[in-house]
Amino acid sequence: MNLRGSFRLMRRNLARRPARTVLTVAGVAAAIALFVLVESLAAGLDRAVSGSESARTLVVYQKNRYCPQTSFLSQSEAVRIAKIDGVESVLPVKVFLSNCRTSLDTVAFHGVPADLLFDARRIDLIAGDRATFLQRGDAALVGEAFAQRRGLDVGDAFRFNRIEVQVAGIFRSPEPIEENLIVTHLELLQRSGAVNKLGTVTEFEVKISDPARGRAIAAEIDALLATSAAATDTRAKAAFLESATADLREILRFGRLFGICCVAAVLALVANTVAMAVRERIGELAVMRTLGWRDGRLMRLLLAESCALALLGGALGTAAAWITITTTRLTLGVEGVLVGFALSPRLVATAGAVALLAGLLAAALPAWKATRAPIPAALRGA
Amino acid sequence: MAFVELSGVTKSFHKGATTITPLDDVSLTIEQGEFFVLLGPSGSGKTTLLHLLAGIDPPDRGQVVVGGKDIATLRAGPLADWRAEHVGYVFQQHHLVPVLTAWENVELPLFLFPLSTAERTKRVGFALRAVGLDDRADHYPRQLSGGQEQRVAIARAIVADPPLLLADEPTGNLDHDSAQSVLDLLARLHHERGKTIVMVTHDPNAAARGTRMVHLDKGRLHEEARR
Ligand SMILES: Nc1ncnc2c1ncn2[C@@H]1O[C@H](COP(=O)(O)OP(=O)(O)OP(=O)(O)O)[C@@H](O)[C@H]1O
Ligand SMILES: [Mg+2]
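The next subject is the site of ligand 1. Neighbouring ligand 1 are 15 residues; R380(A), S42(B), K46(B), T47(B) and T48(B) lie closest to it. Site remark: ligand 1 is flanked by residues from chains A and B. At 2.5 Å, a side-chain N or O of R380(A) approaches a nitrogen atom of ligand 1. Burial of ligand 1 by the protein chains amounts to 77% of its free accessible area of 630 Å². Sorting the residues of the shell around ligand 1 by element identifies β1 (2–15) and α1 (46–54) of chain B as the ones contributing at least two each. Examining the composition of the shell around ligand 1, we find that three residues originate from one element, α1(B), more than from any other. Split into classes, the residues belonging to the shell around ligand 1 amount to three nonpolar, eight polar and four charged.

Take a look at the structure:
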């Protein structure tokens, strides 16, 4: 078949009712944008809890805290925890969050003793250097994701409320959630807090050698600290991440359902538009069939028209979602767990496939009907 | 040589309890190169007969043989290919595609053949010149008069150079002058290019251009004149 001829017909047919075409494309774009946003948040959530070290990391918080910032543990307890059999390292962490409820665009500081940091966590510097960080009391290492979001570079100052840090390095981490953090010196965060909490930290990150003993060691830690100033609640990091993000998961489940409903609604919209467009042209199609166009060829033309609309809408919707994600750089924070939107090439391909499928499904029935209708009857209607 | 042969063709339509039989056991032979005129009152089945000849409507009974081929036995796909190659159809209403220009409308059937762009351009230009509308190539159907639209439709019917032209009241909606130019064109196609033409008309003046006149009434054909 002559492609140029088909392509021209397709273009002219879509331009026939510009308003209708534009509205259909916009409808598809809106649905696909929603689909991509919801799915990339879901992917981001999966990524956030996927850290490879989370199985052999325990997190110790004050019992009954309702937010990381209301957890106060005596820093000196780190020494006692470190003595427990099976514990490899203990990292006291002071957490500062811009907002401890579920919110978009959370800023999270972790204050840690600089001398312990590099043994306890994997910090792969991609810019800046370790020495500068160690030298300056107000120096900070910024996770790559956060640096990108805020456009931070080595040498920049970053200020949030009363906390001001100098960016000494930017790092990657095998733990995706840590790439959203600002890691700085423990004293800096302690000094910015209340005076009577000076010797306290928010949590202990405990590395253990055998993940299978996680539960036992957690129980041992809680027993050990039961008599101290603040009773503790120790959990495996994986379990902590799961429970912290449980509500978000629930919302996302609903969101996904909602996204699917939207795609279905749009499918109905496109189907209706295509059906209308085909009905209008049934006589014209009969004329083309009389000229010798095969039914299959006309069917392909109609399917191609519908798919072109759907794909254009899908591309615009995906682009809109991408622009939203990259320009607003939203990060959803729940209880200090930061979840970014992860728009992967695979998700883009899925969105394209969804749009294409919608286009095909929408056009299949009207196109089939139009090309199977008896020509004389169709000519009469023209 | 017989080009079109209908034998024992019956076609009926059912509307509720009533059955209309516009073609009742009709047999007819049309020779190659004939300018065949089909006359008959409105609703007598003239368009139905053309549909059968074009293979866009199958007979209920009987054979339709065109150019030695029994087209009623062809499947939809091959029948479409056969139509593209053998039949030029001028509709009772011109039926141009509104979103395409005159040129593009005429080019439409050529996309079904493996032709180069240059060859297509040559043929479309030729067909449009034949109907005297090469200066209107870029006009859309809505920018043309009724007579011009009908002439574009004729150009579309002849552009692929089919041996059989079926014209359903090609002058029905035209004024005298436009009608004359369309008839002149058909006569020329018949004389100069040896086309076999089957034309339906109510107009005695148009009918006079043909080499043979046949009347269709109550399902039967009656030979009127032969030149
Ligand atoms: N698809 C159909 N369903 C039902 N009846 C039909 C159908 N097609 C044609 N008819 C009937 O068959 C008869 C012949 O129709 P046809 O269109 O062939 O007449 P015609 O001779 O071309 O008339 P006119 O001169 O008005 O164009 C008419 O009575 C018409 O109502
Ligand atoms: Mg008729």
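That was the structure; now back to the text.
Right, let's get into the coordination of the magnesium ion (ligand 2). All names here are of chain B. At this site the magnesium ion (ligand 2) is bound by T47 (OG1) and Q92 (OE1), with donor distances of 1.9 to 2.7 Å. A residue pair is termed long-range when its members are at least 10 positions apart, and T47 in helix α1 and Q92 in the loop between β6 (87–90) and α3 (102–107) qualify at 45 residues. Judged by its relative accessible area of 24%, T47 is partly exposed. Judged by its relative accessible area of 29%, Q92 is partly exposed.

All names here are of chain A. Its domain assignment divides chain A into domain 1 (3–48 + 247–381) and domain 2 (54–236). Between the C-alpha centres of domain 1 and domain 2 there is a distance of 46 Å. Listed by partner, the interface residues are 12 residues for domain 1 and 19 residues for domain 2. In terms of surface lost to domain 2, no three residues of domain 1 exceed R329, E335 and L338, which account for 40% of the buried area on that side. On the surface where domain 1 and domain 2 come into contact, there are one salt bridge. Across the pair R47 and E179 runs a salt bridge, and its minimum N-O distance is 3.9 Å. At the boundary of domain 1 and domain 2, one finds zero residue pairs in polar contact (both at pLDDT 80 or more). Every element with two or more residues in the side of domain 1 that touches domain 2 is listed here: α2 (18–48), β14 (331–334) and β15 (337–340). The element contributing the most residues to the side of domain 1 that touches domain 2 is β14, with four residues.

Glancing now at helix α12 (residues 295–328) of chain A. Here α12(A) contains 34 residues, and its C-alpha end-to-end distance of 49 Å stays within 8% of the 50 Å for a straight helix at 1.5 Å per residue. R329(A) occupies a position one or two residues after α12(A) and carries a positive phi of about 50 degrees.

The next point concerns the packing of helix α11 (residues 282–291) of chain A against α12(A). Residue and element names in this part refer to chain A. One way to put it is that α11 packs onto α12 with a least axis distance of 10 Å and a crossing angle of 140 degrees. As far as their axial angle goes, α12 and α11 are oblique. When the axes of α11 and α12 are compared, the crossing they make is right-handed. On α12, the residues that touch L285, M288 and R289 of α11 are D295, L298 and L302. For the contact of α11 with α12, the residue count by class is four nonpolar, no polar and two charged.

Here the focus is the interface of chain A and chain B. Accessible area lost upon the coming together of the parts is a frequently used measure of interface size. Contacts between the two partners involve 24 residues from chain A and, on the opposite side, 28 residues from chain B. Counting the surface lost from both chain A and chain B, the interface buries some 2400 Å², and carbon and sulfur atoms represent 63% of this. Broken down residue by residue, the surface that chain A buries against chain B is led by R12(A), L291(A) and R294(A), which jointly contribute 25%. Counting the contacts that link chain A with chain B gives four salt bridges. Between R8(A) and E107(B) there is a salt bridge, with the nearest N and O atoms lying 2.9 Å from each other. There are seven residue pairs in polar contact (both at pLDDT 80 or more) connecting chain A and chain B. Secondary structure elements with two or more residues in the side of chain A that touches chain B: α1 (3–15), α11, α12 and α14 (375–381) of chain A.

Calculation notes
- Residues numbered from 1 in each chain as written.
- Chains lettered and ligands numbered in written order.
- Predicted model: local features only at pLDDT ≥ 70, side-chain atom pairs only at ≥ 80, totals over all residues.
- Heavy atoms only, no water.
- Near = heavy atom within 4 Å.
- Polar contact = N/O pair within 3.5 Å; in protein donor to acceptor, adjacent residues only side chain to side chain.
- Areas by Shrake-Rupley, 256 points an atom, 1.4 Å probe, with all protein chains shown as cover.
- Helix = DSSP H or I, 4+ residues; strand = E, 2+ residues; numbered from the N terminus.
- Nonpolar A, V, L, I, M, F, W, Y, C, P; charged D, E, K, R; others polar.
- Donors = N, O, S within 2.8 Å, 3.2 Å for Na, K, Ca; no water.
- Buried < 20%, exposed > 50% of the residue type's maximum accessible area, 1.4 Å probe, protein only.
- Domains from an automatic or database assignment.
- Contact = heavy atoms within 4.5 Å.
- Buried area = accessible area lost by both parts, 1.4 Å probe.
- Salt bridge = Lys/Arg side-chain N within 4 Å of Asp/Glu carboxyl O.
- Expected span 1.5 Å × (residues − 1).
- Axes fitted to C-alpha atoms, helices over the stretch in contact; angles between N-to-C directions.
- Parallel < 35°, antiparallel > 145°, perpendicular 65-115°, else oblique.
- Left-handed = near helix turned anticlockwise from the far one by under 90°.

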